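If you want the building blocks of each chain, they are given just below.
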Amino acid sequence: MRRARTPKVWLSGTEAANARSDLKLRFLLSVLFLPFFALCTAGFAVWAALASPHGAPSSGTLVVFAVGCGVLTAVAAADLWVVVRRRRTEL
């Protein structure tokens, strides 16, 4: 049985509070998905406006998809803003 080795750097116990994320990956994903979700929001909104009341999918379903994509657009924009702000201050 091997003897356990002492770590060179002791953990302080605040690792979760000091955790870092990959800002480059978050930046890339935000830049890719922000326009995608914005276009999906516009597409579903236009489709819902032009949909017939008795067609499939219904205009209500398309409005729900448009709102969902709008929320995802807002999340991607907020994340992009946070990443850009953090990269300016940290790098």
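What comes next concerns the included structure. The structure displayed is predicted, hence computed values, not measured ones.

### Description of the pattern of salt bridges
It is possible for side chains bearing opposite charge to pair when their charged atoms get close. All chains considered together, the criterion is met by one salt bridge. Salt-bridge contacts for Arg26 lead to Asp79; the nearest nitrogen and oxygen are separated by 2.4 Å. Highlighted residues: Arg26 in helix H1 (residues 23–50) and Asp79 in helix H2 (residues 59–90), separated in sequence by 53 residues. The partly exposed category is assigned to Arg26, whose relative accessible area is 23%. On the accessibility criterion, Asp79 (22% relative accessible area) is partly exposed.

### Here we look at the packing of H1 against H2
Viewed as axis vectors pointing N to C, H1 and H2 meet at an angle of 155°, and their least axial separation amounts to 7 Å. Considered as vectors, H1 and H2 are oriented roughly antiparallel to each other. Where H1 crosses over H2, the handedness of that crossing is left-handed. Here the residues of the contact of H1 with H2 sort into 23 nonpolar, five polar and five charged.

### Points about the side chain of Thr73
If you trace the backbone, Thr73 turns up in helix H2. What makes Thr73 buried here is its relative accessible area of 16%. Side-chain polar atoms of Thr73 contact the backbone oxygen of Phe37, separated by 3.2 Å. When residues no more than four places from it in sequence are discounted, the contact partners of Thr73 are Leu34, Phe37, Ala38 and Thr41.

### Focus on a nonpolar patch on the surface
Nonpolar side chains collect at one region of the surface, where Leu25, Leu28, Leu29, Leu32, Phe33 and Phe36 lie side by side and expose about 560 Å² of accessible area between them. Positionally, Leu32 belongs in helix H1.

### Section: unusual backbone geometry
The omega angle of the peptide bond from Ala56 to Pro57 is -5°, so this bond is cis rather than trans. For Pro57, the location among the structural elements is in the loop between H1 and H2.

### A look at H2
Along an α-helix, residues three or four apart share an orientation, since each turn contains 3.6 residues. Taking 1.5 Å of rise per residue, the 32 residues of H2 would be expected to cover 46 Å, and the 46 Å separating its terminal C-alpha atoms lies within 8% of that figure. Looking at H2, one finds that the buried residues are Leu62, Ala66, Cys69, Thr73, Ala76, Leu80, Val83 and Arg86. Here the buried face of H2 lies against H1.

What counts, and at which threshold
For every chain, the first residue of its written sequence is number 1, and the numbers climb from 1 along that sequence. Local features in this predicted model are restricted to residues whose pLDDT is 70 or higher, and side-chain atom pairs enter the listing and the counts only when it is 80 or higher, whereas totals over whole chains, interfaces and linings include all residues. The basis for every side-chain value is the complete set of non-hydrogen atoms in the structure, without hydrogens or water. Whenever Lys or Arg places a side-chain nitrogen within 4 Å of a carboxyl oxygen from Asp or Glu, that contact is recorded as a salt bridge. Secondary structure counts use DSSP, requiring at least four H or I residues in a row for a helix and at least two E residues in a row for a strand, with both numbered from the N terminus. Accessibility here uses a 1.4 Å probe with only protein chains present; expressed as a share of the type maximum, an area under 20% marks a residue as buried, one over 50% as exposed, and anything in between as partly exposed. In this analysis an axis means a line fitted to C-alpha atoms, helices contributing only their contacting stretch, and an angle means the value between N-to-C directions, from 0 to 180 degrees. Any angle that falls under 35 degrees is termed roughly parallel, while one over 145 is termed roughly antiparallel, one within 65 to 115 roughly perpendicular, and all others oblique. In this scheme, a crossing is called left-handed if the near helix is turned counterclockwise away from the far one by less than a right angle; it is called right-handed if the turn is clockwise. The nonpolar class holds Ala, Val, Leu, Ile, Met, Phe, Trp, Tyr, Cys and Pro. Asp, Glu, Lys and Arg form the charged class, and all remaining residues, Gly among them, are polar. The definition of a polar contact used here is a pair of N or O atoms within 3.5 Å, where within protein one atom must be able to donate a hydrogen and the other to accept one, and adjacent residues in sequence count solely through side-chain atom pairs. Contact definition: two residues touch when any of their heavy atoms are within 4.5 Å. Patch definition: residues with relative accessible area over 30% and no salt bridge; like charges joined within 9 Å; nonpolar side chains (Val, Leu, Ile, Met, Phe, Trp, Tyr) joined within 5 Å. Only the protein chains shown count as cover for residues, and the accessible areas themselves come from Shrake-Rupley with a 1.4 Å probe. Multiply 1.5 Å by the residue count of a helix minus one, and that product is the helix's expected span.

Everything listed here is a matter of coordinates, which is why it stays silent on function.
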